[in-house]
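Listed here are the chains, written in short residue letters.
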Amino acid sequence: MILTIDFESDEALYIQLRNQIIIGIAAEQIREGDSLPSVRQLAENIGINMHTVNKAYAVLKQEGFIKLDRRKGAVIALDIDKIRAVEELRQDLAVLLARSICRRVSRREIHELVDEIYNNYAGK
């Protein structure tokens, strides 16, 4: 999996890193049990501060995507709590849909976009 950081983006670097790892899991580029690079190694590879990588890993752990093992480092370990996942999705979608409505994106366009993105991951 290749991670790229947009240093010009307004989005925090650790959030960009977190999002790319989650997308990598969904796209099956990385799988349950796979180890992520060490904090130091990943920071050097993509040219960011180790604290930024550490923060991304901490957020991924908190959100149930990885576990931290002293011997193996950060390992993909999905915490499958569907009730929590649906509630988090509801909260995230509420803001995204509100933004879309403010920008006059139609219900049909939203449904088409959701189907397209979902099929990119689930359609494999």
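All values derive from a computational prediction rather than experimental measurement.

(A) How the structure looks around the packing of aromatic side chains. All told, the structure shown has zero aromatic pairs when counted by the stated rule. A cation over a ring is seen here: Lys55 above Tyr14, with NZ or CZ 4.3 Å from the ring centre.

(B) Representation of the pairing of strand S2 (residues 73-76) in the model. As judged from the four bridges shared by strand S1 (residues 66-69) and S2, these two strands associate in the antiparallel manner. Its bridge partner lying in S2, Lys67 is registered against Val75. The hairpin turn running from S1 into S2, its antiparallel successor, is three residues long.

(C) Representation of the packing of helix H2 (residues 39-46) against helix H3 (residues 50-62) within the structure. At a minimum axis distance of 8 Å, the contact between H2 and H3 shows a crossing angle of 120°. Comparing the axis directions of H2 and H3 gives the class oblique. The interaxial crossing formed by H2 with H3 has right-handed handedness. Contact residues: H2 offers Val39, Arg40, Leu42 and Ala43, while H3 offers Met50, Val53, Asn54 and Tyr57. Grouping the amino acids of the contact of H2 with H3 by side-chain chemistry returns six nonpolar, one polar and one charged.

(D) Fine view of the pattern of salt bridges. For the structure shown, the criterion picks out six salt bridges. A salt bridge links Asp79 to Arg84; the shortest N-O distance between them is 3.3 Å. Accessibility expressed as a relative area gives 42% for Asp79, which makes it partly exposed. Judged by its relative accessible area of 30%, Arg84 is partly exposed. Among the ionic pairs, Glu112 bridges to Arg108, the shortest N-O distance being 3.1 Å. Taken together, the residues span about one helical turn, with Glu112 and Arg108 both in helix H5 (residues 107-122) at a distance of four residues. Through salt bridges with shared partners, a single network forms among Asp79, Arg84 and Glu88.

What counts, and at which threshold
Residues numbered from 1 in each chain as written. Predicted model: local features only at pLDDT ≥ 70, side-chain atom pairs only at ≥ 80, totals over all residues. Heavy atoms only, no water. Phe/Tyr/Trp six-rings, centres within 6.5 Å; stacked < 30°, edge-to-face > 60°. Lys NZ or Arg CZ within 6 Å of the ring centre and 35° of its normal. Pairing = 2+ DSSP bridges. Helix = DSSP H or I, 4+ residues; strand = E, 2+ residues; numbered from the N terminus. Axes fitted to C-alpha atoms, helices over the stretch in contact; angles between N-to-C directions. Parallel < 35°, antiparallel > 145°, perpendicular 65-115°, else oblique. Left-handed = near helix turned anticlockwise from the far one by under 90°. Contact = heavy atoms within 4.5 Å. Nonpolar A, V, L, I, M, F, W, Y, C, P; charged D, E, K, R; others polar. Salt bridge = Lys/Arg side-chain N within 4 Å of Asp/Glu carboxyl O. Buried < 20%, exposed > 50% of the residue type's maximum accessible area, 1.4 Å probe, protein only.

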